[in-house]
Amino acid sequence: MNLSSVSPQRWMLWIALSGIGMLVFGLYLQHVVGLNPCPMCIVQRYALIGVAVLALIGWRLRGKGLVVSSLLLTLTAGFGAFTAARQSWLQWYPPEVVNCGRDFYGMVENFPLNRAIPMIFKGSGDCSKIDWVFLGGSLANWSFAAFVVFALMGLTIAVQVWRQR
């Protein structure tokens, strides 16, 4: 199969499905394996949701709409890559004092519900701690790689569609 023969819409669908798969895997690690996401992990999840939503929107668009969607996807993926790179840096060079937020139960017990709910979405756990490794890379390392691939694919799609106009 020739990669250039695949339509830009099909590439956007693959990006969306990959992003959704990554989100499902993150939820599996959190709820089944028991890994607590740190605040940077939560930010990366939001970026991944943005990438998946923009890719799903782009999957149904053509022309200028697809260009705009893929450029927004590139920016969102770039933000996710920046956050993952920062977390990777913290994992490689951990600070002497760790301060990444409170745990879930501590927030609910010590704060009123209207203050605890927003804190829940900030995550808990240590951003510099490496809980999961695959082929020598931490979750943040793999997240960075995925975001870079998504950003490059989004930019490539935008250029390809723009040239076809």
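Here the structure is shown first, and the text comes after it.
Residues numbered from 1 in each chain as written. Predicted model: local features only at pLDDT ≥ 70, side-chain atom pairs only at ≥ 80, totals over all residues. Heavy atoms only, no water.

Asker: Honestly, the side chain of S88 in this entry has me stumped. Any pointers?
Answerer: Counting through the fold element by element, S88 comes out in helix α3 (residues 64-92). What makes S88 buried here is its relative accessible area of 3%. Excluding its chain neighbours within four sequence positions, the residues that come into contact with S88 are A140 and N141. (Helix = DSSP H or I, 4+ residues; strand = E, 2+ residues; numbered from the N terminus. Buried < 20%, exposed > 50% of the residue type's maximum accessible area, 1.4 Å probe, protein only. Contact = heavy atoms within 4.5 Å.)

Asker: How should I be thinking about the nonpolar core in this particular structure?
Answerer: One broad trend across soluble globular proteins is that nonpolar side chains are buried collectively. Judged by nonpolar contacts, the single largest core of 21 residues is most densely connected at I15, V51, L73, F147 and F150. At the level of elements, α1 (8-33), α2 (39-59), α3 and α6 (139-164) are the ones that each hand at least two residues to this core. Sort the elements by how many residues they give to this core and α6 lands first, with seven residues. In contact with F150, not counting residues within four places along its chain, are I15, S18, G19, M22, L48, V51, L73 and A77. (Core = buried A, V, L, I, M, F, W, Y, C linked by side-chain atoms within 4.5 Å.)

Asker: Help me understand the packing of α3 against α6 in this model?
Answerer: Between two packed helices, the angle of one axis relative to the other and the distance separating the axes together describe the packing. The geometry of α3 relative to α6 is characterised by a closest axis approach of 7 Å and an angle of 160 degrees between their N-to-C directions. As far as their axial angle goes, α6 and α3 are roughly antiparallel. Two packed elements cross with a definite hand, and for α3 against α6 that hand is left-handed. Residues belonging to the contact of α3 with α6 are distributed by class as follows: 20 nonpolar, ten polar and no charged. (Axes fitted to C-alpha atoms, helices over the stretch in contact; angles between N-to-C directions. Parallel < 35°, antiparallel > 145°, perpendicular 65-115°, else oblique. Left-handed = near helix turned anticlockwise from the far one by under 90°. Nonpolar A, V, L, I, M, F, W, Y, C, P; charged D, E, K, R; others polar.)

Asker: Help me understand the environment of G65, please; the structure alone is not making it clear to me.
Answerer: By the element assignment, G65 lies in helix α3. Classification of G65 by relative accessible area gives partly exposed; the value is 27%. Along the primary structure G65 and V161 are separated by 96 residues, whereas in three dimensions their C-alpha atoms are 10.0 Å apart.

Asker: Teacher, can you tell me more about α1 here?
Answerer: Residues spaced three or four apart along an α-helix point in a common direction, a consequence of the helix completing one turn every 3.6 residues. With 26 residues, α1 should cover 38 Å at 1.5 Å per step; its first-to-last C-alpha distance of 36 Å lies within 8% of that length. Among all positions of α1, only P8, Q9, M12, I15, A16, G19, L23, G26 and L29 are buried. Summarising the contacts, the buried residues of α1 are in contact with α2, α3 and α6. Directly after α1, the chain includes G34, whose backbone phi takes a positive value near 95 degrees. (Expected span 1.5 Å × (residues − 1).)

Asker: How should I be thinking about the side chain of Q9 in this particular structure?
Answerer: In this structure, Q9 sits in helix α1. Setting aside its immediate chain neighbours within four residues, Q9 contacts G58, W59, L61, R62 and L66.

Asker: Would you mind going over α2 with me for this structure?
Answerer: Taking 1.5 Å per residue as the helical rise, α2 with its 21 residues ought to reach 30 Å, and the 30 Å between its terminal C-alpha atoms agrees with that figure. In the core, the buried residues of α2 are packed alongside α1, α3 and α6.

Asker: Could you clarify how one ought to interpret the packing of aromatic side chains in this entry?
Answerer: Describing an aromatic ring pair means giving the distance of the ring centres and the angle of the ring planes. Counted according to the given criterion, the structure contains one aromatic pair. Plain terms: the ring middles of F25 and Y28 are 6.2 Å apart, the flat faces sit at 25 degrees to each other, and that makes the pair stacked. With F25 and Y28 both in helix α1, this residue pair falls three residues apart, about one helical turn. What makes Y28 partly exposed here is its relative accessible area of 39%. Here the basic side chain of R60 rests over the ring of W59, its NZ or CZ set 4.8 Å away from the ring centre. (Phe/Tyr/Trp six-rings, centres within 6.5 Å; stacked < 30°, edge-to-face > 60°. Lys NZ or Arg CZ within 6 Å of the ring centre and 35° of its normal.)

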